[in-house]
Amino acid sequence: MNKEKLEISIPSFLAAKKRNNDKIERIDYKIEDKYKDLGLGKTYAIFTYGCQGNVLDSENMAGILEEAGYRLAEDKYNADVVILNTCAIRENAEDRIWGVLGQLKGRKQLNPNMVIAISGCMPQEEGATKKLEESYKFVDIILGTHNRHHLLKLIYNVYEKKMRVVEVLSGQGNIVENVPIVRNYKHKAFVNIMFGCDEFCTYCIVPYTRGRERSRAKEDILAEVNELVKEGYKEITLLGQNVNAYGKDLGNDYTFGDLLRDIDKTGIERVRFTSPHPRDMDENAISAMAECKSVMPHLHFPVQSGNDRVLKIMNRKYTREEYLYKIKRLKEEIPGISITTDIIVGYPGETREEFNDTLTLVEEAGFEGAFTFIYSKREGTPAAKMEDPISDSEKHKWFDELKKAVDKGYLRGTERFVGEVVEVLVDGESKSDLGMMSGYSKHNKLTHFKSNDKSLIGKIVKVKVKEAKSWFMIGDLVE
Ligand code: SAM
Ligand code: SF4
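Residues numbered from 1 in each chain as written. Chains lettered and ligands numbered in written order. Predicted model: local features only at pLDDT ≥ 70, side-chain atom pairs only at ≥ 80, totals over all residues. Heavy atoms only, no water.

> Just give me the short version of the sheet that holds strand β6 (residues 141-143), but keep the residues and values in it.
Ordered by their spatial adjacency, six strands build an open sheet running β3-β2-β4-β5-β6-β7, and the pairing between neighbours is parallel. Each of the sheet's edge strands pairs with one partner strand only, and the pair in question is β3 (71-72) and β7 (165-167). Strand direction decides the pairing type here: strand β2 (residues 43-48) and β3, joined by two bridges, are parallel. Note on β3: the bridge partner recorded for Thr 43 is Arg 71. (Pairing = 2+ DSSP bridges. Helix = DSSP H or I, 4+ residues; strand = E, 2+ residues; numbered from the N terminus.)

Next comes the structure, spelled out in structure tokens:
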């Protein structure tokens, strides 16, 4: 294949940071006639890394490909089109992706017609794009987060012109509606309500890779939810990098809390959302969570650090006290709510005393789980230029201490349900235990119960909890 590039548009952090104030375009996706049979007799595979936003993007790319005739490959490494939908949040996510690319290189030597595409946040990074261009020449398509809906055009260009295609657009991004979708589950679905992020936390790459904060029209969201209810879906998870900033960019008074109330009226049984920013968790959102029967009593509420100086240099725009006040309000309004969080350890310049504040916050907030991360330097972000005197081994020590504190919270969070009857939305057979089925309780606790009855998948059943482990609960079906 001729490796000259057909289109070049590489990302620029400067361009990404300089948001323009152009009106966000709302585009209706429609497949062009010339692509309708593009994939007939061909297969596809998608490797997905990172956040739930990426999972949803992959479901959309699967929808786009299937509409053009592609079918899911049985062997992921042998498909006609292989997409790696990537994550750039931390270095170890990137390392795994380079590893899979290495394996695909060998496969492509055996099957030169295989088309390999890289999408998602990694190509949106200046450094990674250069590396892909220079050292991974067997990758045929490099596309960013803003132009996923051009996927068929890019594949077509590779087929027709036998050329490599690089199309990574920087800037604000737009909103594309009516993108086809193949959902991973028949009973629970992700629904994007907003895209991008304007927060610019100093460690984070997302505002550069995902563009300006932009909310979907509430009519489009409600139409999608109504359709899901009609199709029998039981649970939706509303997605956004800063999900509770929903509506701020639309310039009217309609906020996240109002959207929760309207979604509740659609009749969907369960609503979850991720990830809210503590600064934007207002009283309207808290009271909507309390009043709407469908909104589940679990909140993933990323705090990042328990120390005010660290929070400030992270640009989180809240203090420890303000965060804890919101937790208090949530617990008052939604008794028994389960709260989980994200925490970064070893931020540049963080001291042992400052880290201790994070440890005490874990106790004080009563977290029932946390995603914990060792700070990972992301080129182009402000934190990458900060002095970082703490050694890696010291950071790992802190990390282990934090994990111990967090694990105690996990166990406390499941033990409180022993002897109680919980409602579980059944996902399927347990992955680890034959003869068991599994699903999540309202408080988002993975729950296993003895049964072989596959007809329960997608139903909400009652389970009496008899045993609590850190990561799951075990119980018996209640007739
Ligand atoms: N928007 C969400 C928020 O503000 O909480 C989170 C989005 S981010 C994709 C998920 C988590 O990754 C963050 O909450 C943070 O804890 C972690 N993260 C982001 N950048 C990181 C970095 N450079 N090093 C380590 N962890 C990072
Ligand atoms: Fe990244 Fe979340 Fe901060 Fe946005 S709010 S910059 S996505 S950590």
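> Explain the site of ligand 1 to me, and be specific about the residues and the numbers.
Surveying the vicinity of ligand 1 reveals 15 residues, the closest of which are Gln 241, Pro 302, Gln 304, Asp 342 and Ser 376. Take Gln 241: an N or O atom from its main chain is 2.5 Å from a nitrogen atom of ligand 1. With respect to ligand 1, the side chain of Asp 342 contributes an N or O atom lying 2.6 Å from an oxygen atom. Protein chains shield 91% of the accessible area of ligand 1, which is 560 Å² for the free molecule. For the shell around ligand 1, the elements supplying multiple residues, two or more each, are β15 (338-345) and β16 (370-374). (Near = heavy atom within 4 Å. Polar contact = N/O pair within 3.5 Å; in protein donor to acceptor, adjacent residues only side chain to side chain. Areas by Shrake-Rupley, 256 points an atom, 1.4 Å probe, with all protein chains shown as cover.)

> Quick one: what's the story with unusual backbone geometry, residue by residue and with numbers?
Geometrically, the link from Thr 274 to Ser 275 is a cis peptide bond, its omega value of -10° lying close to zero. On the secondary structure map, Ser 275 appears in the loop between β13 (270-274) and α9 (283-291). In the Ramachandran plot, Asn 178 falls in the positive-phi region, its phi being about 60° despite a non-glycine side chain. Along the polypeptide, Asn 178 turns up in the loop between β8 (175-177) and β9 (188-192). Unusually for a residue other than glycine, Asn 315 sits at a positive phi of about 65°. Structurally, Asn 315 is set in the loop between α10 (308-313) and α11 (320-333). Owing to a relative accessible area of 26%, Asn 315 belongs among the partly exposed residues under this scheme. (Buried < 20%, exposed > 50% of the residue type's maximum accessible area, 1.4 Å probe, protein only.)

Geometry only, nothing functional implied.
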